[in-house]
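Examination of the molecular architecture
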Amino acid sequence: MNTRMKISLIALILSVFSVQGFGENPDIQPRVLTLDEALELAGNNNPDLVAARRNLESAARSNSGKWNSFLPNLSLNGSYTNSHNSDTNQWNWGGSTGASLSLDFGIPFEMRLKSAEYEAALVSYKSLEASTLSKVATDFYSLIAEKNNLEILAQSEKLAENLYNQNLANYNRGLTSELDLLQSKYSYLSIRPEIDNAKSTYEANLDSFKLSIGVNEPIELSGEMEVTEVILPETDVLIEKYTQKSLSVQEKIINLEKAKLSKTQGTTSALAPTFNLSENLSFSEGTNGNKIDVNGSFTASVSIPLTGFIPYSETNLTLKNLDDQIASAEDELEQTITETENSLSLLPDKISRLWNSLDLAQMNYEIAQRAYQLSLDGYNSGLVAQTDMETARQQMISANQAILETKNQYTSALYEAALLMNISIEEMISEYGGNTNGQ
């Protein structure tokens, strides 16, 4: 077998293995996901949510065991000792056990603080979950819009191809100028790079979406860009009803509660008396005819700290810092409430404006579609120039893309509003929804 034949055989073997084992199997069908399925996957698999659930479980364990401050400290010791000198060599055993318990007036506040920490972890998790799922939903619809845009571009390419083929046939019969032929050819070929760029962007965004929902397999999204008109109540009503319900505001409220409890617990533990109880028993090899000698002692004591009463002592400064933490928490709460109210006040106008823009985009597309049809009829009748007809086609495509973009913006605005108001998108549409606009 000559060298060329060997190389050909090796290449054939490698190609077989690359197709069957190492390459992506073209026969594998992508997993079709609806929005609900994508949200369920994100809720279970999103890396940030998985880590947040671990933190929540840790806070839940601490909260469940908050009573353990009343558990005593227990100890058990044993020894086996050899005593020897020039006259004796003796082994002795011994052991001891003890229990001690320290109680101060800060324990009840410490228990309440652990409960507040769990509530803070729970609200923090809910906030992260809501924002994550909201982003997954908006990304889902953005990808649907990108997918629809690819279909629009493919339609545009088909129209341009038909015109080019028509001009090519007419040019061969001497019915069309070379300039018109070249212009139609350029219009046709110039769409392909735009399609390739849009497809590359779609695939990159789809890969990022797969990471956010925690899947590695090929997927295909199934859904429609259908939107419903939402008419939110007046600003004052919106602010009164949803400001305190906002998760960001709830987080700051709990943080303030934690700061106050930390101050109370720290002050009580640092300045109030501490009661100490202990019981110790020791066991040793018996003497004087006893098998085992047992000795025990019980101690009850009170410790009164005084350092915290001394100005500028470390304890005193620590307590002053707790006052600063309360003031900071109050400022953060006030700022968050103000920001939330400002954001809520902008929602009705923003959503209404985007809905009106969608109506105008729909109307513009219908006009552009009709204008293109008239231009095409005129061009076929020799009454409209090819450049005018091509301009009408591009305007029709742009108008269709504008509808997709506006729908995407409107959908994102609705999810942003639902997140801020701390309600589901279904609740929002059920309570404030009206007309539906689909494509």
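Conventions adopted
Residues numbered from 1 in each chain as written. Predicted model: local features only at pLDDT ≥ 70, side-chain atom pairs only at ≥ 80, totals over all residues. Heavy atoms only, no water. Axes fitted to C-alpha atoms, helices over the stretch in contact; angles between N-to-C directions. Helix = DSSP H or I, 4+ residues; strand = E, 2+ residues; numbered from the N terminus. Parallel < 35°, antiparallel > 145°, perpendicular 65-115°, else oblique. Contact = heavy atoms within 4.5 Å. Nonpolar A, V, L, I, M, F, W, Y, C, P; charged D, E, K, R; others polar. Core = buried A, V, L, I, M, F, W, Y, C linked by side-chain atoms within 4.5 Å. Buried < 20%, exposed > 50% of the residue type's maximum accessible area, 1.4 Å probe, protein only. Patch = residues over 30% accessible without salt bridge, like charges linked within 9 Å, V, L, I, M, F, W, Y side chains within 5 Å. Areas by Shrake-Rupley, 256 points an atom, 1.4 Å probe, with all protein chains shown as cover. Salt bridge = Lys/Arg side-chain N within 4 Å of Asp/Glu carboxyl O. UniProt positions renumbered as here; feature names shortened; annotations may be inferred. Lys, Arg positive; Asp, Glu negative; His and termini not counted. Charge placed at Lys NZ, Arg CZ, Asp CG, Glu CD. Phe/Tyr/Trp six-rings, centres within 6.5 Å; stacked < 30°, edge-to-face > 60°.

So, the packing of helix α2 (residues 35-45) against helix α3 (residues 47-64)
At a closest axis distance of 6 Å, the pairing of α2 and α3 adopts a crossing angle of 45°. Taken together, the axes of α2 and α3 are oblique relative to one another. The segment α2 lies against α3, with A42, G43, N44 and N45 engaging P47, L49, V50 and R53. Counted by class, the contact of α2 with α3 contains four nonpolar, three polar and one charged residues.

Digging into the nonpolar core
By size, the foremost hydrophobic cluster in this structure holds 67 residues, and its most contacted members are F209, I213, L221, M421 and M428. In terms of residue count, the dominant contributor to this core is helix α10 (residues 386-421) (15 residues). Not counting the four nearest positions on each side in its chain, L221 is found in contact with L33, F140, L143, I144, K147, L206 and F209. In terms of nonpolar packing, the next biggest core, distinct from the first, is built from seven residues, V249, L256, A329 and L333 among them.

Section: a nonpolar patch on the surface
There is a patch of nonpolar side chains on the surface, built from Y80, W91, W93, L281, I292 and V294 and spanning about 620 Å² of accessible area. Of all the secondary structure elements, the ones that give two or more residues to the nonpolar patch are β3 (89-104) and β7 (292-303). Looking at the element boundaries, W93 is found in strand β3. Accessibility expressed as a relative area gives 35% for W93, which makes it partly exposed.

Considering the UniProt feature "coiled-coil region" (unreviewed entry) in the chain
Per the UniProt record, "coiled-coil region" (unreviewed entry) is found at residues 312-339. A helix fraction of 93% and a strand fraction of 0% characterise residues 312-339, whose end C-alpha atoms lie 37 Å from each other.

Quick notes on a negative patch on the surface
A cluster of acidic side chains, namely D36, E37, E40, E426 and E427, defines a negative patch on the protein surface. Elements that contribute at least two residues to the negative patch include exactly α2 and α11 (425-432). Sorting elements by how many residues they give to the negative patch places α2 first, with three residues. Here E40 shows up in helix α2.

What to know about the packing of aromatic side chains
Applying the stated criterion to the full structure yields six aromatic pairs. Taking 5.6 Å as the distance between ring centres and 90° as the angle between the ring planes, the aromatic pair formed by F140 and Y141 counts as edge-to-face. Considered together, F140 and Y141 belong to a single accessibility category, that of buried residues. A centroid spacing of 5.3 Å and a plane angle of 55° characterise the contact between W355 and Y410, whose relative ring orientation is tilted. You can see W355 sitting in helix α9 (residues 314-380) and its partner Y410 sitting in helix α10, a full 55 residues away along the chain.

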